[in-house]
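One letter stands for each residue in the lines below.
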Amino acid sequence: MKNLLKLLFSLIFLSVILSCATTLSVNVTRPAKLDLNGAKTISVLPFKPSDYYGVYEPSNGVVIVISDFFRMFDRSAPEERRCVNFLHDEIENGLMTSPYVDVVSAKAVLSAINNSSSIPADVYLTGEVVYFDIDDDKEIVRKKVEEDDDDDDSPITSVSKISSTKTKYIVEEYYVRHVKMEFRYQVVDSKTNKIISYDRASIRESSSRYDHRSSLPSAYSMIDHDLSRIARNILRDLQPYVIRKSITLMEDKTKDPELKAADNLARDGYFKESYEKFYEIYRTSNALVAGYNAALLLEAMGKYEDAESLMKDVYVLYPQGVVLDGLYDIQSELKQSKRLQNQIN
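Quantities reported herein were computed from a predicted structural model and do not represent experimental measurements. (Residues numbered from 1 in each chain as written. Predicted model: local features only at pLDDT ≥ 70, side-chain atom pairs only at ≥ 80, totals over all residues. Heavy atoms only, no water.)

**Re the packing of helix H9 (residues 304–317) against helix H10 (residues 321–344)**
Inference 1: One way to put it is that H9 packs onto H10 with a least axis distance of 9 Å and a crossing angle of 160°. In this view, H9 runs roughly antiparallel relative to H10, as classed from their interaxial angle. Once H9 is placed against H10, the crossing between them reads as left-handed. Packed against H9, whose contacting residues are Tyr-304, Glu-305, Ala-307, Glu-308, Met-311, Lys-312, Val-314 and Tyr-315, the element H10 presents Val-323, Leu-324, Gly-326, Leu-327, Ile-330, Gln-331, Glu-333, Leu-334, Ser-337 and Lys-338 at the interface.
Inference 2: Split into classes, the residues belonging to the contact of H9 with H10 amount to ten nonpolar, three polar and five charged. (Axes fitted to C-alpha atoms, helices over the stretch in contact; angles between N-to-C directions. Helix = DSSP H or I, 4+ residues; strand = E, 2+ residues; numbered from the N terminus. Parallel < 35°, antiparallel > 145°, perpendicular 65-115°, else oblique. Left-handed = near helix turned anticlockwise from the far one by under 90°. Contact = heavy atoms within 4.5 Å. Nonpolar A, V, L, I, M, F, W, Y, C, P; charged D, E, K, R; others polar.)

**Let's talk about the packing of aromatic side chains**
Inference 1: This model, assessed by the stated rule, comprises four aromatic pairs.
Inference 2: Measuring from ring centre to ring centre gives 5.4 Å for Phe-86 and Tyr-220, while their planes differ by 80°; the resulting arrangement is edge-to-face. Of this pair, Phe-86 sits in helix H3 (residues 78–96) while Tyr-220 is found in helix H5 (residues 219–238), placing the two residues 134 residues apart along the sequence. For the pair Phe-86 and Tyr-220, a shared accessibility class is recorded, and that class is buried. (Phe/Tyr/Trp six-rings, centres within 6.5 Å; stacked < 30°, edge-to-face > 60°. Buried < 20%, exposed > 50% of the residue type's maximum accessible area, 1.4 Å probe, protein only.)

**Re unusual backbone geometry**
Inference 1: A positive phi angle, close to 55°, is found at Ser-116, a residue other than glycine.
Inference 2: For Ser-116, the position within the fold is in the loop between helix H4 (106–114) and strand E6 (123–148).
Inference 3: Even without being a glycine, Asn-286 presents a positive backbone phi close to 60°.
Inference 4: Residue placement: Asn-286 occurs in the loop between helix H7 (271–285) and helix H8 (288–300).
Inference 5: Residue classification places Asn-286 among the partly exposed positions, given a relative accessible area of 36%.

Here it is in structure tokens:
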């Protein structure tokens, strides 16, 4: 009976695996989260450490950084300075590889700000560390150890030797490092001197236990991945970015050989050929699977307006929730594509 059940479950699992719908994986370019008013040039000003106080202009809410920014970093602790430099460089290097904006020297922008002259960048990014702290905790752990209380040198009686145990405690010391960092930043339109965006990010990390304080990791090594995450988020604010998106085709329950052939083409990466085959089947038979999948393949190829038109046609014939969901997804991609084109153009 057990063997029969195992065989049954195996067949069910195999049927599920073999009948899984095809999923397409495509790269999609998303528009920047911020609309920078057509900015083509940008500058990343040096980020201020937590113990440095800049000049604040209450009239427009813009933080001005003094031009002598190299000496400014001497006021911060080495670990904080390393983290601040890494975050700044991650953002600046990400922008320097961007095909959408040109990076302007921070020194040139700072000089223009201090001289009240025309700023050579359309927008610029400023940031400061609001709070940075490294706290090393010493943990004392008292452990109970049981020891044999037998005295091997004592004479053995003729009756029997009765063994007993006594409780002993040992004290162990451990060190744990905690790192906290609060960072805020803003994007400024240099033409209007107004803030386009303001945001902040926080980091809190704790190390594992270490026997010696000298073995504790550096604060930078503990939060470098968090700094990279913050940099990626800021870069997505400033420029278009690429994500990987999955598009799942509708599975054909009828096992039609023509639909299967079209599905295999899509699974092998031949999107154009698969679309043509699905669309021809839909044109001649109005099959739901064929029309739906043809529309999704147009979406996968970035032809959002054609995909929207076809999916609307399918929805007229098959007003089902799954078709409506597909239509909404295509319309969302179309909207973001138009926004992306506006940003680029």
